[in-house]
Amino acid sequence: MKLRLPEIRVRIMCPDEPEAMPWWEFDPKDAAEIRACRKYPYVVEVVDDAGRLLGDVSNLVAGPGIEGTYRSPWEIPDTAVAYYAADCWTYACGIEAGTLFRLGGGLYRVLGAEHISEGYGGLGYATGLLICQDTCGGLRMRVNIRHATDHVLELTR
């Protein structure tokens, strides 16, 4: 079964949206760039095939020209926006620990999503990568979610 992954929409936030911060509440450097129209506040929306919102991240500041729809966070041209998009997108993909898939002739079990610690406690930010192990108990490896789902022969939950 081929798993359909959600898409990522990146768009400029309108100031009247409920989650939108006023420009003066941003970091002073970002606020100055927003006022000068050199940067914009963006929202990242992760949506399924039917266009239903699965998750979002608001008030991300970046330069112009990154609006669009992306298949994975690695396609987003702004590194900071891609970082936050990866966290939201990873969870929206819905690949849980224990999921099995065949890849290159081997059978692998998902142990969980990879996280980067930010020093705030908790799990940190998801990277868009899965920590997997072959079912024979071999070495653990990192697998890109997009790669795993594009090349699987079988995916079970």
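Reading the values: rules and limits
Every chain's residues receive numbers from 1 upward, in the order its sequence appears when written. Where local features are concerned, this predicted model is filtered to residues with pLDDT of at least 70; where side-chain atom pairs are given and counted, the filter is 80 or more; whole-chain, interface and lining totals use all residues. No hydrogens and no water enter the side-chain calculation; it runs on all heavy atoms of the structure. Put simply, DSSP marks the helices as runs of H or I at least four residues long and the strands as runs of E at least two long, and each gets a number from the N terminus on. Strands are labelled as partners when DSSP assigns at least two bridges between them. To get an axis, a line is fitted to the C-alpha atoms, and for a helix only the part in contact is used. The angle between two axes follows their N-to-C directions and goes from 0 to 180 degrees. Whenever a carboxyl oxygen of Asp or Glu lies within 4 Å of a side-chain nitrogen of Lys or Arg, that contact is scored as a salt bridge. When accessible area is computed with a 1.4 Å probe and restricted to protein chains, residues below 20% of their type maximum are described as buried, those above 50% as exposed, and intermediate ones as partly exposed.

Participant: Before we go on, may I ask you to explain the environment of I95 in this structure?
Facilitator: Note that I95 resides in the loop between α2 (79-92) and β5 (100-103). Spatially, the C-alpha atoms of I95 and L130 are 8.7 Å apart, while their sequence positions differ by 35 residues.

Participant: Where do I start with the sheet that holds strand β4 (residues 68-70) in this structure?
Facilitator: Where strands meet in a sheet, backbone hydrogen bonds hold them as pairs that are either parallel or antiparallel. The sheet built from four strands is open, its strands ordered β3-β2-β1-β4 with antiparallel pairing. With one partner strand each, in any of the chains shown, β3 (53-62) and β4 form the two edges of the open sheet. Pairwise comparison of adjacent strand axes, ignoring direction, gives a mean angle of 20° for this sheet. Across three bridges, strand β1 (residues 7-12) lies against β4 in antiparallel orientation. Paired with I8 across the two strands is Y70, which belongs to β4.

Participant: Looking at this structure, how should I read the pattern of salt bridges?
Facilitator: When charged atoms on two side chains of opposite charge get close, those side chains can pair. Under the definition given, this model contains seven salt bridges. A salt bridge links E33 to R38, with the nearest nitrogen and oxygen atoms 3.1 Å apart. Among the ionic pairs, E114 bridges to R142, the shortest N-O distance being 2.6 Å. Pair noted here: E114 is in strand β6 (residues 106-116) and R142 is in strand β8 (residues 140-144), with a separation of 28 residues, a long-range link. The exposure class assigned to R142 is exposed, which follows from its relative accessible area of 56%. Overlapping salt bridges, with partners in common, bring together R9, R11, E17 and E45 in one network.

Interpretation note: all reported values are geometric properties and have no functional meaning in isolation.
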